[in-house]
Amino acid sequence: MAEISATSFPSSSSSALALRSSPNASLRCQNVACPRTTSSFQELSVRRSQLVGNALATSHVPATRVCKNQAIRAVMSGDGQTVVAADSKGAGLRGKLKKVVLAYSGGLDTSVIVPWLKENYGCEVVCFTADVGQGIKELDGLEQKAKASGASQLVVKDLTEEFVKDYIFPCLRAGAIYERKYLLGTSMARPVIAKAMVDVAAEVGADAVAHGCTGKGNDQVRFELTFFSLNPELKVVAPWREWEIQGREDAIEYAKKHNVPVPVTKKSIYSRDRNLWHLSHEGDILEDPANEPKRDMYMMSVDPEDAPDQPEYIEIGIESGLPVALNGKALSPATLLSELNTIGGKHGIGRIDMVENRLVGMKSRGVYETPGGTILFAAVQELESLTLDRESIQVKDSLALKYAEMVYAGRWFDPLKESMDAFMEKLTEKTTGSVTLKLYKGSVSVTGRKSPNSLYRQDISSFEGSEIYNQADAAGFIRLYGLPMRVRAMLEKGI
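Residues numbered from 1 in each chain as written. Predicted model: local features only at pLDDT ≥ 70, side-chain atom pairs only at ≥ 80, totals over all residues. Heavy atoms only, no water.

1. Section: the overall build of the chain
Part 1 of the reasoning: Looking only at helices and strands, the chain has 13 helices and 19 strands in total.
Part 2 of the reasoning: Taking as baseline every contact in the chain between residues at least 6 positions apart, the subset at least 24 positions apart corresponds to 72%.
Part 3 of the reasoning: Total accessible area on the chain is roughly 25700 Å²; 52% of this is exposed by carbon and sulfur atoms. (Helix = DSSP H or I, 4+ residues; strand = E, 2+ residues; numbered from the N terminus. Contact = heavy atoms within 4.5 Å. Areas by Shrake-Rupley, 256 points an atom, 1.4 Å probe, with all protein chains shown as cover.)

Given below as structure tokens:
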């Protein structure tokens, strides 16, 4: 019979199991099932060895020899029995992929996907994490967690400045707000992450990408439309649309069985997405729209009731429709937003509780914290009141609705959306100046605005006399402007 052992290789902290056959060993190429009939057992995670030949064996328990180039998984039960299952290196249970780049957060969904991908597609898994300002705590220990789950490596890229400059600011300039409230925090982050995943896939030679989005949400669409736009040859794996796990509770149980640490418990399950622009909360008691959010749920902002009793005044500097300075100090896009998050959060600014229409057809309830973003929207839109004429504002606002809809739906790289970007950039090129705001217990109030390109003329708008505007001219204007209504009334009265 063959002998089995666990041995560590210098190149990795994970253990590998291999077989050494005795002269009487049985030569088979098959999987051996191992029903879990005992309450205590230890599952040894195995990686494929690149060594030539068989590894040393020392545990002296009966096992079955497997063919060359097959990965081996061993489960050791409490009574000392060991059963080995060999997964073909050539293919997994659902097919064969060479290498998959997984959008990895270390949270519940992506934590259980790594071993699932290896088992079902026989592939190497490269985890990718984008730093979009979600906070250093969410990045701590991520590499160890990814490798412990079976990933070959973790790639982390700092996309913070790119995210704010190339994704947030265009939406801000366009005035894009989805369904009257949502400032598109998650919607804007997905295309920058997906774009980076396509780049990483090219760098590591991956033939597929994967994400942990559920089949009920919008993010699956946002990721995959970006993949399609930037590299249509990449295969896409979406485990939540394939596996037997039906919900977050099932995923938690799966993670526990595989000793994968997750930052949630059954007692308090919030689905959160955080980046430099916002923090979203979904799930748990929020699934009932009648429930008020708990006070301790919020993380970026204080309760407005607990905010300072004295207001704070700030000045936002704007150039060509984009914010560039805070209180006279020029700052990078990410730094400016970060500082406004701190200031706004202190005053309870930017809390939104809404029921929205998801792209996939259902309604969902979410609570969003966007302190810095709420301040910037107030400032930019207010300055436009000085620099844009009536028709420009009306057309811009009408296009902003479509713009927001496209961003929400994941159509960031759609030619129509890119064309609207060009329009917004041209329209706001004269929107330069500054806006003074008062922050007080959850509210943002405009107290002043000024621009060198202002269309506001005090000498014309004043109630005092003006050489440019003759009030007597209004009579003729009103007669012509109201002529259609006058003609209709004449018709109805037979005049």
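2. With respect to unusual backbone geometry
Part 1 of the reasoning: Positive phi is not limited to glycine here, since Arg180 has a value of about 75°.
Part 2 of the reasoning: Here Arg180 shows up in the loop between α3 (160–174) and α4 (185–204).
Part 3 of the reasoning: A relative accessible area of 82% means that Arg180 is categorised as exposed.
Part 4 of the reasoning: Positive phi values are uncommon outside glycine, yet Asp284 reaches one of about 55°.
Part 5 of the reasoning: With respect to the secondary-structure elements, Asp284 resides in the loop between β12 (279–282) and β13 (312–319).
Part 6 of the reasoning: The exposure class of Asp284 is partly exposed, given its relative accessible area of 28%. (Buried < 20%, exposed > 50% of the residue type's maximum accessible area, 1.4 Å probe, protein only.)

3. With respect to the side chain of Glu384
Part 1 of the reasoning: One can find Glu384 in helix α8 (residues 371–387).
Part 2 of the reasoning: By relative accessible area, Glu384 is classed as buried at 6%.
Part 3 of the reasoning: A distance of 3.0 Å separates a polar atom in the side chain of Glu384 from a polar atom in the side chain of Lys396. (Polar contact = N/O pair within 3.5 Å; in protein donor to acceptor, adjacent residues only side chain to side chain.)

4. Considerations on a nonpolar patch on the surface
Part 1 of the reasoning: A cluster of nonpolar residues, Leu359, Val360 and Met362, forms a patch on the protein surface that exposes about 220 Å² of accessible area.
Part 2 of the reasoning: Among the secondary structure elements, Met362 is positioned in the loop between β16 (351–357) and β17 (363–369).
Part 3 of the reasoning: When its relative accessible area of 33% is taken as the criterion, Met362 is described as partly exposed. (Patch = residues over 30% accessible without salt bridge, like charges linked within 9 Å, V, L, I, M, F, W, Y side chains within 5 Å. Salt bridge = Lys/Arg side-chain N within 4 Å of Asp/Glu carboxyl O.)

5. Some words on the packing of aromatic side chains
Part 1 of the reasoning: Evaluated as defined, the whole model comprises 10 aromatic pairs.
Part 2 of the reasoning: Plain terms: the ring middles of Trp240 and Trp243 are 5.3 Å apart, the flat faces sit at 70° to each other, and that makes the pair edge-to-face.
Part 3 of the reasoning: For Trp240, a relative accessible area of 11% translates into the label buried.
Part 4 of the reasoning: Among the residues examined, Trp243 registers a relative accessible area of 6% and is labelled buried.
Part 5 of the reasoning: Pairing Phe477 with Tyr481 gives two aromatic rings, centres 5.5 Å apart and planes at 15°, and the pair type is stacked. Of this pair, Phe477 and Tyr481 both sit in helix α12 (residues 473–481), separated by four residues, roughly a single helical turn. (Phe/Tyr/Trp six-rings, centres within 6.5 Å; stacked < 30°, edge-to-face > 60°.)

6. Section: the pairing of strand β14 (residues 322–326)
Part 1 of the reasoning: Bridge count for β13 against β14 is four bridges, and the pairing is antiparallel. Following the sheet pairing, Ile318 is matched in β14 by Pro323.
Part 2 of the reasoning: Where β13 folds back onto β14 in an antiparallel hairpin, the turn is made up of two residues, including Ser320, whose phi is positive at roughly 50°.
Part 3 of the reasoning: Note: β14 against strand β15 (residues 329–330), two bridges, orientation antiparallel. Among the inter-strand pairings, Leu326 is bridged to a residue of β15, identified as Lys329. (Pairing = 2+ DSSP bridges.)

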